[in-house]
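# Per-entry structural report
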Amino acid sequence: MAEFRMPSLGADMESGKLVEWLVAPGTSVKRGDVVALVETQKGLFEIEVFEDGVLGEPLVAAGQTVAVGTVLALIHAVGAAPIESAPAEEVGARTEQPVAPAPVAVPRPAAGPVTRVAASPSARRLAAELGVDLATVQGSGPHGVIGREDVERVAHPPAAAAAGAEPTTGHAPPESASSAMRRAIAAAVSRSNREIPHYYLATEINLSPALQWLESLNARRPIRERILPVVLLLKATARALRSVPELNGHWLDDRLHVRQAIHIGFAVALRQGGLVAPAIHDVDTLSLDGLMAAMADLIERARGGRLRGSELTEATVTVTNLGDRGVTTVFGVIYPPQVALVGFGRISERPWAEGGLLGVRRCLTATLAADHRATDGHLGGRFLDTLDRVLQQPEAL
Amino acid sequence: MTEEELKAIIVAELKKVAPESDPSGLGADEDLREALDIDSFSFLRVLVGVSEHTGVDIPEADYGKVTTLAAMIGYLAVRQG
């Protein structure tokens, strides 16, 4: 008999709402089957079981919000008494979370910068835009720090709220999905910044050979089957991680756990704001076509709000590609408990000196943000060097 | 297809990848990707949809020629069968 628990879908998650059971009690389930829908601050996720067996009666009803680790149902071994209710004390029990330990208590942030009024930068900007004097604003953040909402409250007191863009009722509206998303991201990056001593390395890569190779491949294909340059970057990252496996893993219990499988968390910006970095599984084993398809599927589902729980927890490293937005260099924030984040900037023509000649090549800056507890700069440098080398032989990808 | 019909197809495809936007209100010469905050993946989806609805092949080398509404309409208008 096994327990099916509310999973932790990230370093930042403490509880989740069971939205819907997708499988009836008494149904046979296999490891990997999706049995329930769970809502977190990051949206709606399909949750899988990790054992084979027969799903027992729900111990948590649809609509309930419970802590991570709470038993949602029992999974009985096939052949055993299929449905029996669990001992009451097991309900609500918490277990250790092997992959993503709960965040430690958040230390109070130090009082703001040395100014008379403590306010967040965005609150300052908003106050300036709206002509609000910060001295007249009552801060509701830790230590009375002024946030955007505080400025908005002064600028648009409830009676005048109709002037706002959104239709407003008399009482405070429930937290919107995007502000919940913002809080989830805030929790994860705060933990990262607090716990992970990052080091950063960057290297410039001549992508001309790889892009020429890809263009000649795409020229022979109908538009639907063409491959985007980022697919080469993902595959090359996986190849380089094969050579430098210490960057592919998790930092848990004060030591590095190197992972065999390479599941790349791919940062996807959402239309409504915020981002998720769900995992593309076993990137090193996928063909370029397979990887393009997996990436397309993942982006569509991330933006459509139908990711699997395991996709949020199983990434062993993250790749973020900000080249589309014109960024040259990405200085990443590692997603705990991972130990590295690889960033790609914009592909652009740059002067390139080689063999005593100056030419123009299409280049990109690749960066590595890595956990200094797990690895050192020497090893990080070896990774970027390997990545460069792998990209010079695109036909081998 | 008339230019109006081509525009309707393009706008419908843009709306699919940027559902919260109003692509019909775009200026003819605005950069589509910039104005609607569309990444290269979503832009490829738009081109796939436009290409399949109009029957016009858009080779990768021409992606740079279809960056605005006016440019894309013009590109499709002279190539449609």
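Note that the structure is a prediction, hence the values are computed from the model and not measured.

This part is about the interface of chain B and chain A. At the interface, 23 residues of chain B touch 17 residues of chain A. Among the residues of chain B in contact with chain A, B:Phe41, B:Leu44 and B:Glu60 are the three that bury the most area, contributing 35% of the side total. Summed over the shared surface of chain B and chain A, the result is six salt bridges. With a closest N to O distance of 2.7 Å, A:Arg271 and B:Glu20 form a salt bridge.

All names here are of chain A. Taking 1.5 Å per residue as the helical rise, helix α4 (residues 208–219) with its twelve residues ought to reach 16 Å, and the 16 Å between its terminal C-alpha atoms agrees with that figure. Listed as buried for α4 are Ser208, Ala210, Leu211, Leu214, Leu217 and Asn218. Buried residues along α4 sit against β9 (198–206), α5 (229–243), β20 (357–371) and α8 (377–391).

All names here are of chain A. Sheet topology places β9 next to β20; nine bridges connect them, and they run antiparallel. Residue pairing across strands places glutamate 204 opposite threonine 365, the latter belonging to β20. Across five bridges, the pairing between strand β18 (residues 340–344) and β20 is antiparallel. Bridge pairing in β20 links valine 342 to leucine 368. Examined bridge by bridge, strand β19 (residues 348–354) and β20 share seven bridges and lie antiparallel to one another. Bridge pairing in β20 places alanine 353 opposite leucine 358.

Another point: the confidence of the model for chain A. Averaged over chain A, the pLDDT score is 83; the fraction of residues at 70 or greater is 80%. Counted against residues more than four places away or in other chains, residues 82–116 of chain A, with its pLDDT under 50, gives 53 contacts.

All names here are of chain A. A sheet is described by the order of its strands in space; here five strands give the open sequence β7-β2-β4-β5-β16, paired in mixed fashion. With partners counted over all chains shown, the strands left at the sheet margins are β7 (65–67) and β16 (307–308), one partner each. Two strands pair when backbone bridges link them, and strand β5 (residues 43–48) and β16 are joined in this way by two bridges, in the parallel orientation. Looking at β16, one finds that glutamate 46 is bridged to arginine 308.

Before going further, it helps to spend a moment on the side chain of B:Asp39. Counting through the fold element by element, B:Asp39 comes out in the loop between α2 (32–36) and α3 (40–54). Other than its neighbours up to four places away in sequence, B:Asp39 contacts A:Arg303, A:Asp324 and B:Arg33.

Another aspect to go through is the pattern of salt bridges. Residue and element names in this part refer to chain A. Per the stated rule, a full pass over the model turns up 19 salt bridges over all chains. Ionic pairing is found between glutamate 3 and arginine 5, a salt bridge with its closest N-O pair at 2.4 Å. In this structure glutamate 3 comes out as partly exposed when scored by relative accessible area, which is 29%. If you follow the salt bridges from partner to partner, you end up with Glu46, Arg306 and Arg308 in one network.

As a further point, take unusual backbone geometry. In this chain, A:Pro336 is followed by A:Pro337 through a cis amide linkage whose omega measures 5°. Mapped onto the secondary structure, A:Pro337 falls in the loop between β17 (317–321) and β18. Non-glycine residue A:Asp253 carries a positive phi angle of around 50°. Looking at the element boundaries, A:Asp253 is found in the loop between β10 (249–252) and β11 (255–258). Of note in this structure, B:Asp37 is not a glycine but carries a positive phi near 55°.

Calculation notes
- Residues numbered from 1 in each chain as written.
- Chains lettered and ligands numbered in written order.
- Predicted model: local features only at pLDDT ≥ 70, side-chain atom pairs only at ≥ 80, totals over all residues.
- Heavy atoms only, no water.
- Contact = heavy atoms within 4.5 Å.
- Buried area = accessible area lost by both parts, 1.4 Å probe.
- Salt bridge = Lys/Arg side-chain N within 4 Å of Asp/Glu carboxyl O.
- Helix = DSSP H or I, 4+ residues; strand = E, 2+ residues; numbered from the N terminus.
- Expected span 1.5 Å × (residues − 1).
- Buried < 20%, exposed > 50% of the residue type's maximum accessible area, 1.4 Å probe, protein only.
- Pairing = 2+ DSSP bridges.
- pLDDT = per-residue confidence, 0-100.

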